[in-house]
Amino acid sequence: MLRTMAAFSIFATARALQPGERRQRRHALARLAIAWLAMMQVMMLAWPGYLRHDGMPADALATLDWAIVLMNWASLALTAPVVAYSAWPIWRGAWRSLRAGRAGMDVPVALGIAAAFLPSVHATWTQRGHVYFDSVTMFVAFLLTARYLELCARQCAGEGGRHALLERQRAALGAAADRVASRFVPAQAGLALIAAAAWALVEPALALPVMVASLVMSCPCAMSMAVPAAMAGAHAALAREPGMDAARFDALVADARRRAGRNLYGSLAWHLLMAPLAAAGWVQPWLAALTMLGSSLAVAWYSWGLARPGRPRGTAGPAHAAP
Amino acid sequence: MTILYLLLPLSLLFVLAIGAALCWAVFSGQYDDAEEAAEAILRDDDDGAAGSAADGPRRP
């Protein structure tokens, strides 16, 4: 009874985890926790920078600028571990896919982090210009949150007993998701660079945030979640009713497939909707990261609806919810 | 405002301590099973070491 109850939460730890999987999960949680901790501190330290404007009295401005320099150094000290430790899986993934000669989903993310972090370090050192440490830490924290959800869903799915037909569906849908992402990511990264170049001509101060926001938007983390989360939901539903008959089983598989497809194309549509807004400079980098988290959460919630007890099977759930 | 020279490093030290405590908690396995404590109360076998300790000292 308790075991079946536990199977319905995405955060329920799979009890039969291998030591390696358990270590992976602990590392992911530690990276996530450090990113959130640093994010909140850096946001606080960034606050004086947002207060500053040239209409202030000269002496107040001088004091504020001195304080901002100190705050920037403190932010740098807090952001460095996030970039070095928390974002480590992103660097590793980007390096791997670059070496394999393809644009995986980590490449634009790593580009976005580097493009925001390095100029900020330079601005801190020279004490001139704007820093984006708050955007960097928020971005990493939100992205790692989405990935942690994905990891939980994957590990739950791994525990819930393998089923050949589900597995086959999963392989087919996974291939479809990879195909979409492999076309989508380079196009979006190119678009981000073009938008940044255009803004550099019109308004150089906006070029960097626009590029970072566009690169962040091109991270298909919600898309990458769409298929595993669905399949995890189907596994959980199957674990709840091991003795369901063939007709209901077929209905479940069809429902899972429909949901996974809807998740995939829903998140794609959401990306396409947000991309022009990011390119137009209306979306701050941290806001872009937040929408990514929101769409990932929507995907997870929608997929999990499949396994919710008491829900009639085979009926269409709510459409892909935009955050 | 020179107090910032003291307060900022102090806050960084606090964050460092919190981060270290968090990492210790994660790697010592305290977050491995978040449901364990909630389910424990539903189990019948409360005659373990924790059960007898909760009874308090016995009176003669």
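Residues numbered from 1 in each chain as written. Chains lettered and ligands numbered in written order. Predicted model: local features only at pLDDT ≥ 70, side-chain atom pairs only at ≥ 80, totals over all residues. Heavy atoms only, no water.

Structural notes on the overall build of chain A
- Within chain A, the regular secondary structure consists of eleven helices and zero strands.
- Start at the N end of chain A and walk to the C end: the helices and strands fall as α-α-α-α-α-α-α-α-α-α-α.
- The buried share of chain A, taken over its 323 residues, is 52%.
- Considering only residue pairs separated by 6 or more positions, chain A has 77% of its internal contacts joining residues 24 or more positions apart.
- Accessible area of chain A: about 14,700 Å², with a carbon and sulfur share of 68%. (Helix = DSSP H or I, 4+ residues; strand = E, 2+ residues; numbered from the N terminus. Buried < 20%, exposed > 50% of the residue type's maximum accessible area, 1.4 Å probe, protein only. Contact = heavy atoms within 4.5 Å. Areas by Shrake-Rupley, 256 points an atom, 1.4 Å probe, with all protein chains shown as cover.)

Here we look at a nonpolar patch on the surface
- Residues I3, L6, L7, L10, L13, F14 and L16 of chain B make up a contiguous nonpolar surface patch of roughly 720 Å² in combined accessible area.
- Within the fold, L6 of chain B resides in helix α1 (residues 4-27). (Patch = residues over 30% accessible without salt bridge, like charges linked within 9 Å, V, L, I, M, F, W, Y side chains within 5 Å. Salt bridge = Lys/Arg side-chain N within 4 Å of Asp/Glu carboxyl O.)

Things to note about the confidence of the model for chain B
Residue and element names in this part refer to chain B.
- Overall, the predicted model of chain B reaches an average pLDDT of 77, with 75% of residues at or above 70.
- The least confident element of chain B is helix α3 (residues 49-54), whose mean pLDDT is 46; the most confident is α1, at 93.
- Across residues 49-60, confidence stays below pLDDT 50; counting only partners more than four residues off in sequence or on other chains, it has one contact.
- For this predicted complex, the interface score ipTM comes out at 0.71, alongside a pTM of 0.71. (pLDDT = per-residue confidence, 0-100.)

Section: helix α3 (residues 58-86) of chain A
- Taking 1.5 Å of rise per residue, 29 residues should cover 42 Å, and α3 of chain A covers 40 Å from first to last C-alpha, within 8% of that figure.
- Taking the largest bend as the criterion, α3 of chain A deviates by roughly 25 degrees, centred on L78 of chain A, and proline P81 of chain A comes between one and four positions later. (Expected span 1.5 Å × (residues − 1). Bend = angle between axes of the 7 residues up to and from the residue.)

Re the interface of chain B and chain A
- In this complex, chain B contributes 24 residues to the contact, which on the side of chain A involves 26 residues.
- Surface buried jointly by chain B and chain A totals about 2,100 Å² across both partners, of which 72% is contributed by carbon and sulfur atoms.
- Contact with chain A buries surface across chain B, with L8, F27 and D32 of chain B losing the most and accounting together for 26% of the total.
- Summed over the shared surface of chain B and chain A, the result is zero salt bridges.
- Linking chain B to chain A there are two residue pairs in polar contact (both at pLDDT 80 or more).
- Counting residues per element, the ones that place at least two in the side of chain B that touches chain A are α1 and α2 (36-40) of chain B.
- With eleven residues, α1 of chain B is the largest single contributor of residues to the side of chain B that touches chain A.
- The residue makeup of the side of chain B that touches chain A, split by class, is 14 nonpolar, four polar and six charged. (Buried area = accessible area lost by both parts, 1.4 Å probe. Polar contact = N/O pair within 3.5 Å; in protein donor to acceptor, adjacent residues only side chain to side chain. Nonpolar A, V, L, I, M, F, W, Y, C, P; charged D, E, K, R; others polar.)

A few points about the packing of α3 of chain A against α1 of chain B
- Contact geometry for α3 of chain A and α1 of chain B: axes closest at 10 Å, N-to-C directions at 15 degrees. Between α3 of chain A and α1 of chain B, the angle is such that the two are roughly parallel. For the pair α3 of chain A and α1 of chain B, the crossing hand works out as right-handed. Between α3 of chain A and α1 of chain B, the contacting residues are W66, A67, L70, M71, A74, A77, L78 and Y85 of chain A on the first element and L4, Y5, L8, L12, V15 and F27 of chain B on the second.
- Residues of the contact of α3 of chain A with α1 of chain B, tallied by class, amount to 14 nonpolar, no polar and no charged. (Axes fitted to C-alpha atoms, helices over the stretch in contact; angles between N-to-C directions. Parallel < 35°, antiparallel > 145°, perpendicular 65-115°, else oblique. Left-handed = near helix turned anticlockwise from the far one by under 90°.)

A closer look at the environment of G112 of chain A
- Structurally, the position occupied by G112 of chain A is in helix α5 (residues 106-126).
- As a C-alpha pair, G112 of chain A and R92 of chain A span 20 residues in sequence and 15 Å in three-dimensional space.

Details of the environment of L10 of chain B
All names here are of chain B.
- The residue L10 is located in helix α1 in this model.
- The class of L10 is partly exposed, set by a relative accessible area of 38%.
- C-alpha separation for the pair L10 and D32, spaced 22 residues apart in sequence, amounts to 32 Å.

What about the packing of aromatic side chains?
All names here are of chain A.
- Using the criterion set out here, one finds three aromatic pairs over all chains in the structure.
- Here the aromatic rings of W73 and W125 are separated by 5.9 Å at their centres, their planes lie at 65 degrees, and the arrangement is edge-to-face. In this pair, W73 is assigned in helix α3 and W125 in helix α5, connecting sequence segments 52 residues apart.
- Take W73: its relative accessible area is 35%, and that puts it in the partly exposed class.
- Taking the ring centre of Y85 as reference, the NZ or CZ of R31 above it sits at 4.7 Å. (Phe/Tyr/Trp six-rings, centres within 6.5 Å; stacked < 30°, edge-to-face > 60°. Lys NZ or Arg CZ within 6 Å of the ring centre and 35° of its normal.)

As for the confidence of the model for chain A
All names here are of chain A.
- Averaged over chain A, the pLDDT score is 72; the fraction of residues at 70 or greater is 59%.
- At the low end of the mean pLDDT range in chain A sits helix α1 (residues 2-6), at 47; at the high end sits α3, at 92.
- Confidence drops under a pLDDT of 50 for residues 309-323, and excluding neighbours within four residues, the segment shows 34 contacts in the predicted structure.

Quick look at the nonpolar core
- Core analysis: the largest hydrophobic core is formed by 51 residues, its most contacted members being I90, I113 and V140 of chain A together with L8 of chain B.
- Elements with a contribution of two residues or more to this core: α2 (19-51), α3, α4 (88-99), α5, α6 (133-159) and α8 (204-217) of chain A together with α1 of chain B.
- A total of twelve residues in this core trace back to one element, the largest contributor, which is α6 of chain A.
- Sequence-distant contacts of I90 of chain A, that is, excluding residues within four places in its chain, are made with D106, V109, A110, I113, L143 and R147 of chain A. (Core = buried A, V, L, I, M, F, W, Y, C linked by side-chain atoms within 4.5 Å.)

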